[in-house]
Amino acid sequence: MATAKKSSKGKGGSDKKDEAPRSAESKPSSKARVDDAALQTLVPGFSDNVRLGGEGSALFVKAAGVAVISLGIAGAMGASVGDDFRRFSHSYLVAFAVGLAVSAGFLYWVTLQHLVNSHWSVVLRRIAEVFAANAPVLFVLSLPIVLPVLGGQGLIYDWADHAKVEADHLLHHKAPYLNPTFFAIRIVFYFGFWTLLSRYYLKGSLRLDETGGAEIIPSMRRVAGPAMILFALTLTFAAVDFLMSVDAHWFSTIFGVYFFASCVICVHAVLTLSLIWLQGKGRLAKSVTVEHYHDVGKMLFAFTVFWAYVGFSQFMLIWYANVPEETAWFKERFAHGWGDVSWALLFGHFVFPFFGLLSRHIKRNKKTLAFFAVWMLAMVYLDMYWLVMPNVNETPDFHLMDAFNVLGILSALVAGAAQRAKGINLLPTKDPRLARSLAFENI
Amino acid sequence: MSHDEKTPETPGPAALHGLLAEYDTPGAILAASQKIRDAGYSRWDTFTPFPVHGIDKAMGIKMTVLPWIVLGAGLSGLATAIALQWWTNTFDYKWLISGKPFFSIPANVPIMFELTVLFAGITALVAMLVLNNLPLPSHPLDFVRRFARSTDDRFFLLIEAADPKFDEDSTKALLEGTHPAAVEAVKEDNVTSNKLPKILIYGVVIMTVIATVPFALAAKARHAVSKSSRIHAVQDMDSQPKYKAQRANPVYKDGRATRLPDENTVAVGELKEDAHFFRGKMNGGWARTFPPQVRLEDATMKRGQERFGIYCTPCHGEGGEGNGMVAKRAEELQQGTWVPPTNLTQDYLRQMAVGELFNTISNGVRNMPAYGPQIATADRWAIVMYLRALQRGHASKTAGLPPATGGTN
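So what about the overall build of chain B? Which residues, and what values?
In terms of helices and strands, chain B carries twelve helices and six strands. Dimensions of chain B, computed from the C-alpha atoms along their principal axes, are close to 125 × 75 × 40 Å. Across the 409 residues in chain B, those meeting the buried criterion constitute 17%. The long-range share in chain B, meaning contacts at least 24 apart out of those at least 6 apart in sequence, stands at 70%.

The structure is reproduced here in structure tokens:
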């Protein structure tokens, strides 16, 4: 065991040496005031390359291009199915839910770091801040879901269709909450709040870069408490509105928490992959160490367990009580091939990553951690697919537009993050807690 | 450890236990640790007021085996939970719960989770103590005055004399080369014992013995017969501040707890003048016809069938042949006091007046309790009606029925 540990450490060390000289290759951006390639002094005696610059612009162009083309192809495929975009809408909602989990998850994560005055995560915070600032992008991406609802079309949601509501007593009963106008108002409110909060934290953090004035930190911490409460409420209601109301007859009071588990899994998976990409480009090569990866891995592990805990709590109460109005939802998901997807989720989303991520060696190795990050993102996608798709497909059938939709949405988020990150420092250079974050060690 | 060999009974000139170096900063002790590690020493340790990051690496401490022990304990907890529930639910105490399988995994998962966590948690604590050689009642460093600051603001490094590379002069030179604030020789502890205090051991033994008492009592109670009633720890349900029926009540002159209605009064709905309908009597004998309040129609028959299913089938069976589930079960258990329920399709019952049947249902007969208080009057008549249909169906011949119903043409 001791030798295994030494060899993994050796690898980590050599990685850093390889990456450092590459930073000189990137071209300076005309807009950036500071030379992109410049190594910035972070704390006395420590410097690192913290500007994305030209790489950011290139990534933005690529990701935005992929997003537009993918969503275009998906839309065309949806039209060719010839069901008035019913199948496409569901497929798009699945992809959107993953995007929402990533974006909202990062906002939660940033708020949490301020709330607990976290030191270890300072070097990672800027990446989270730029991803969290995608809230307006996601709002635009929500329009293909919200606009048909406003137009009274029940493509996904039966409650949006006036005729169906009139014919269904339960939908009629729930109409004071589940109606197109109120739905649109709520969505605007959620994204409005998320946009304001993410802007607040990004701007505050950037101001810290310029002035170095630490007096803003306590005020950001004070905001974090109430913001966290409001965030919990908005996320819960957003999960209910977008996902649970797909089957408006069914209800589960733990549903918001269930979706939240996916959000936190997405944060740590995307954070891992972003860090590996950035370090591959020679950015943050020395600032972010295996210790930070280790902690991100721990959180990824913890929240796979959390997901299983919440998911099982939801399942067991319904299974035990055996009340028809609740069990109907699970019955659909254990019939006609959906049962296989349910089992795949149990093993793929919990059992495999649980044992896979248990060992510290796996969390301290970039390659294995990256594998599990990708794996967990795929599992979150499958989870969302399992939540939404039984509404339109009696048996699970994968269509190529599903892949294009999720590729498009995630690329749009990457493009948004790259656009924001290209002109700013990749970590809060003057945060007074930076030195401790750089020196962070697990043991 | 070297202090195992000390003899507290014979205090004398103490042998050298080791050399202690004191440092001002965590950085200094990290650097010193690396030097000692590289010099190849094995029996040495560091003492700091707070966890110093990187000290494990600086001291060359290998990864602990603890995670594997905890993993093993967690998996044993999981296996124990599965085995426990499988055995209790399918063998020891079979109990059908809302039609679910005897051994159903979803219901068992919470226990599986809890035992996994419990086993892993307790094992993590105990194994950590054992791996750290704890508890350690005494140590030679307890007598070094400057060492008290190891819980405050100083960092210490101790190399034991038992180390194979230890040599008083060269080791001292090595330690002085690490820029310590001070180096001090530590003598063996010849004064205190490194054994656990006897009172602690006796205490643990006594507590363990006491802890077995409840289990011993429970085990005894399972195999003993007692004439005294059970002990009720919570008496709430046993002594209720109220007067029960048939008890004396000093509040009233006549001393009855149960009050009679006032003379010459009848409560609303309690006036039961109609002997035919309420008691099944007609002209002094059992009525042979249904009272006019009972409408002889399908709805009444359906109602009678439903009530019969609820109240009568447990004993008399679906067809009234006296073979209900309760009867079958009682026969299986061979209860000596059991009187089998009557077969309602017998001839004498077929000829019995409906009034008498009604009366039997209302007031009971032999072992059968009275159902009057439980079943509404009209419903009792509906049951009689259904019973008549059962009896007639039982007595009918298959001859003359169309073939589809099993008759012979």
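Give me the overall build of chain A: which residues, what numbers.
For chain A, the count of helices and strands is 17 helices and two strands. Taken over C-alpha atoms, the radius of gyration comes to 22 Å for chain A, in line with the 22 Å a tight globule of 443 residues would show. Within chain A, the proportion of its 443 residues that are buried is 45%. For chain A, the share of sequence-separated contacts (at least 6 apart) that also reach a separation of at least 24 residues comes to 80%.

Run through the interface of chain A and chain B, naming residues and quoting values.
If you look at the interface, chain A gives eleven residues, while chain B gives nine residues. Put simply, the parts of the chain that give the side of chain A that touches chain B at least two residues each are α1 (2-19) and α11 (290-321) of chain A. Ranked by the residues each element gives to the side of chain A that touches chain B, the list is headed by α11(A), at five residues. Looking at side-chain class alone, the side of chain A that touches chain B contains eight nonpolar, one polar and two charged residues.

Before we move on, can you summarise the sheet that holds strand β4 (residues 182-187) of chain B with the specific residues and values?
All names here are of chain B. One open sheet accounts for four strands, arranged β2-β3-β1-β4; its pairing is antiparallel. The sheet is open, and its two borders are formed by β2 (44-47) and β4, each paired with just one other strand. Mean inter-strand twist for the sheet, computed between neighbouring axes without regard to direction, equals 20°. Two elements, β2 and strand β3 (residues 155-160), share four bridges in a ladder whose sense is antiparallel. Note on β3: the bridge partner recorded for D45 is L158. Its contacts with the sheet place helix α1 (residues 26-38) against β1 (16-23), β2 and β3, and it is angled at close to 20° to β3. Docked against the sheet, helix α5 (residues 168-176) engages β1, β3 and β4, running at close to 10° with respect to β1.

Help me get a handle on the environment of B:L387, residues and values and all.
Residues and elements named next belong to chain B. Position of L387 among the secondary structure elements: in helix α12 (residues 377-395). Spatially, the C-alpha atoms of L387 and L344 are 7.9 Å apart, while their sequence positions differ by 43 residues. Residues in contact with L387, not counting those within four places in the same chain, are G320, L344 and L357.

Account for the confidence of the model for chain A, with residues named and values stated.
For chain A, mean pLDDT is 85; residues scoring 70 or higher make up 91% of the total. Taken together, the stretch residues 1-37 of chain A has pLDDT below 50 and engages in 46 contacts with residues farther than four places along the chain or on a different chain.

Please provide a residue-by-residue account of helix α9 (residues 325-333) of chain B, values included.
The buried fraction of α9(B) amounts to zero of the nine residues, a small share that puts the element mostly on the outside. Directly beyond the C-terminal end of α9(B), a positive phi value near 55° is found at B:Q334.

Pulling in residues and values, what's your account of the packing of helix α5 (residues 135-150) of chain A against helix α8 (residues 180-211) of chain A?
All names here are of chain A. The N-to-C vectors of α5 and α8 enclose an angle of 180°; their axes lie 10 Å apart at closest approach. In terms of orientation, α5 lies roughly antiparallel with respect to α8. Residue-level contacts link A135, P136, L138, F139, S142, V146, V149 and L150 of α5 to P180, F183, A184, I187, F191, W194, T195 and S198 of α8. Taken together, the residues that form the contact of α5 with α8 break down as 13 nonpolar, three polar and no charged.

Report on unusual backbone geometry, specifying residues and quantitative values.
Working note: non-glycine residues mostly have negative phi, and peptide bonds are mostly trans. In this structure, B:P135 follows B:L134 across a cis peptide bond, with omega equal to 0°. Within the secondary structure, B:P135 is located in the loop between α4 (105-131) and β3. One non-glycine residue, A:N322, lies in the positive phi region at around 60°. Mapped onto the fold, A:N322 is located in the loop between α11 and α12 (324-332). C-beta crowding within 10 Å serves as the criterion here: with 11 such atoms nearby, A:N322 is assigned to the exposed category. The backbone of B:R366 sits at a positive phi, close to 50°, despite the residue not being glycine. Summarising the element assignment, B:R366 is placed in the loop between α11 (354-363) and α12. A residue is classified by how many C-beta atoms lie within 10 Å of it, and B:R366, with 8 of them, is exposed.

Describe the environment of A:E394, listing the residues and the values that go with them.
Residues and elements named next belong to chain A. Inspection of the secondary structure assignment puts E394 in the loop between α15 (366-388) and α16 (400-421). The class of E394 is partly exposed, set by 13 C-beta atoms lying within 10 Å. On a C-alpha basis, the gap between E394 and F352 in space is 27 Å, while along the polypeptide they are 42 residues apart.

Break down the packing of helix α9 (residues 216-242) of chain A against helix α10 (residues 255-280) of chain A for me, citing the residues and quoting the values.
Residues and elements named next belong to chain A. For the pair α9 and α10, the least separation of the axes is 8 Å and the interaxial angle reads 100°. With respect to α10, the element α9 is oriented roughly perpendicular. The segment α9 lies against α10, with L235, T236, A239 and V240 engaging F255, G256, F259 and F260.

Tell me about the confidence of the model for chain B, and please be specific about residues and values.
Residue and element names in this part refer to chain B. Of all residues in chain B, 94% have pLDDT values of 70 or greater, and the mean over the chain is 87. Within chain B, α9 has the poorest average pLDDT of any element, 85, and α4 the best, 94. With pLDDT under 50 throughout, residues 1-10 is counted as low confidence; its partners more than four residues away or in other chains account for 18 contacts. Confidence estimates for the predicted assembly give a pTM of 0.71 and an ipTM of 0.77.

Quick notes on the rules
- Residues numbered from 1 in each chain as written.
- Chains lettered and ligands numbered in written order.
- Predicted model: local features only at pLDDT ≥ 70, side-chain atom pairs only at ≥ 80, totals over all residues.
- Helix = DSSP H or I, 4+ residues; strand = E, 2+ residues; numbered from the N terminus.
- Buried ≥ 20, exposed ≤ 12 C-beta atoms within 10 Å, placed from the backbone.
- Contact = placed C-beta atoms within 7 Å.
- Rg over C-alpha atoms; globule rule 2.2 N^0.38 Å.
- Nonpolar A, V, L, I, M, F, W, Y, C, P; charged D, E, K, R; others polar.
- Pairing = 2+ DSSP bridges.
- Axes fitted to C-alpha atoms, helices over the stretch in contact; angles between N-to-C directions.
- pLDDT = per-residue confidence, 0-100.
- Parallel < 35°, antiparallel > 145°, perpendicular 65-115°, else oblique.

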